[in-house]
Amino acid sequence: MLAILNSLGMSIVALFKPRCRLEAENLFLRHQLSIALRHAPPRPRLRGSDRALLVWMTQLWPSLLGAARVVQPDTILRWHRAGFKAFWRWKSRNRARRSVPRLAVDH
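Rules behind the numbers
Residues numbered from 1 in each chain as written. Predicted model: local features only at pLDDT ≥ 70, side-chain atom pairs only at ≥ 80, totals over all residues. Heavy atoms only, no water. Helix = DSSP H or I, 4+ residues; strand = E, 2+ residues; numbered from the N terminus. Buried < 20%, exposed > 50% of the residue type's maximum accessible area, 1.4 Å probe, protein only. Contact = heavy atoms within 4.5 Å. Areas by Shrake-Rupley, 256 points an atom, 1.4 Å probe, with all protein chains shown as cover. Salt bridge = Lys/Arg side-chain N within 4 Å of Asp/Glu carboxyl O. pLDDT = per-residue confidence, 0-100. Phe/Tyr/Trp six-rings, centres within 6.5 Å; stacked < 30°, edge-to-face > 60°. Core = buried A, V, L, I, M, F, W, Y, C linked by side-chain atoms within 4.5 Å.

### Thoughts on the overall build of the chain
Across its full length, the chain holds four helices and zero strands. Of the regular secondary structure in the chain, the N- to C-terminal order runs α-α-α-α. Counting only residues that meet the buried cut, the chain has 14% of its 107 residues in that class. In the chain, once contacts between residues fewer than 6 apart in sequence are set aside, the share between residues at least 24 apart is 53%. Carbon and sulfur atoms form 62% of the exposed surface of the chain, whose accessible area is close to 10,000 Å².

Dropping the structure here:
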C-alpha cells in the first residue's frame, strides 16, 4: 500500500517537473535498468562507459541521484504477476446482473 501511495505521489510531483528533466530521468533509469539486466554475476559490473555516462548525467542534474533505485528483476516479475492476478480477478468477478421483470402472460 505504501508503494502505491509513493508511486502516486511521485506521479503528481512529475506533473510539475520540466519535460527535459523527465526525459533525463527516464534516460538515467533506463540506463540503470540495462546495466542490471545484463547477463552478469549477481553484482552488476559497470563498464567505463557506464560510469562516465552516470557521472556526466549526475553532474548535469544532481537531483537524479534521488531517482536512483536498485530493483531486482525478480521483484519486477513479481509485481507484474500480482498485477495480472489482480486484473483477472477483477475481470472475472461475479457482477450482479440487473434482473428484468418478466411480463405476466394470461392464458
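Once the structure has been displayed, the description carries forward.
### Here we look at the pattern of salt bridges
In the structure shown here, the tally under the stated rule is two salt bridges. Here Arg19 and Glu23 are joined by a salt bridge, their closest N and O atoms 3.3 Å apart. With Arg19 and Glu23 both in helix H2 (residues 19-37) and four residues apart, the pair spans about one turn of that helix. Here Glu23 falls in the partly exposed class, since its relative accessible area comes to 46%. A salt bridge links Arg21 to Glu25; its shortest N-O distance comes to 3.2 Å.

### Some words on the side chain of Asp50
Of note, Asp50 is situated in helix H3 (residues 48-60). Judged by relative accessible area, which is 2%, Asp50 ranks as buried. Residues in contact with Asp50, not counting those within four places in the same chain, are His31, Ile35, Arg38 and Arg45.

### Details of the confidence of the model for the chain
The predicted model of the chain averages 78 in pLDDT, with 80% of residues at 70 or higher. Averaged pLDDT values over the elements of the chain bottom out at 75 in helix H1 (residues 2-14) and peak at 87 in helix H4 (residues 73-91).

### Things to note about the packing of aromatic side chains
Think of a pair of aromatic rings as described by two things: how far the centres are apart, and how the planes are tilted against each other in angle. Under the definition given, this model contains three aromatic pairs. Here Trp56 and Trp61 contribute two aromatic rings whose centre-to-centre distance is 6.4 Å and whose plane-to-plane angle is 80°, an arrangement assigned as edge-to-face. A centroid spacing of 5.1 Å and a plane angle of 75° characterise the contact between Phe87 and Trp88, whose relative ring orientation is edge-to-face. Three or more aromatic residues joined by ring pairs form one cluster here, namely Phe87, Trp88 and Trp90.

### A few points about the nonpolar core
In this structure, Phe28, Ile35, Leu54, Met57 and Leu64 together form the largest nonpolar core, which totals five residues. Among the secondary structure elements, those contributing two or more residues to this core are H2 and H3. Ignoring any residue separated from it by four or fewer positions in sequence, one finds Leu64 in contact with Arg21, Ala24, Glu25, Phe28 and Met57.

### A look at the side chain of Arg21
By secondary structure assignment, the location of Arg21 is in helix H2. Arg21 sits in the buried class, given a relative accessible area of 15%. Residues within four places of Arg21 in sequence aside, it is in contact with Ser63 and Leu64.

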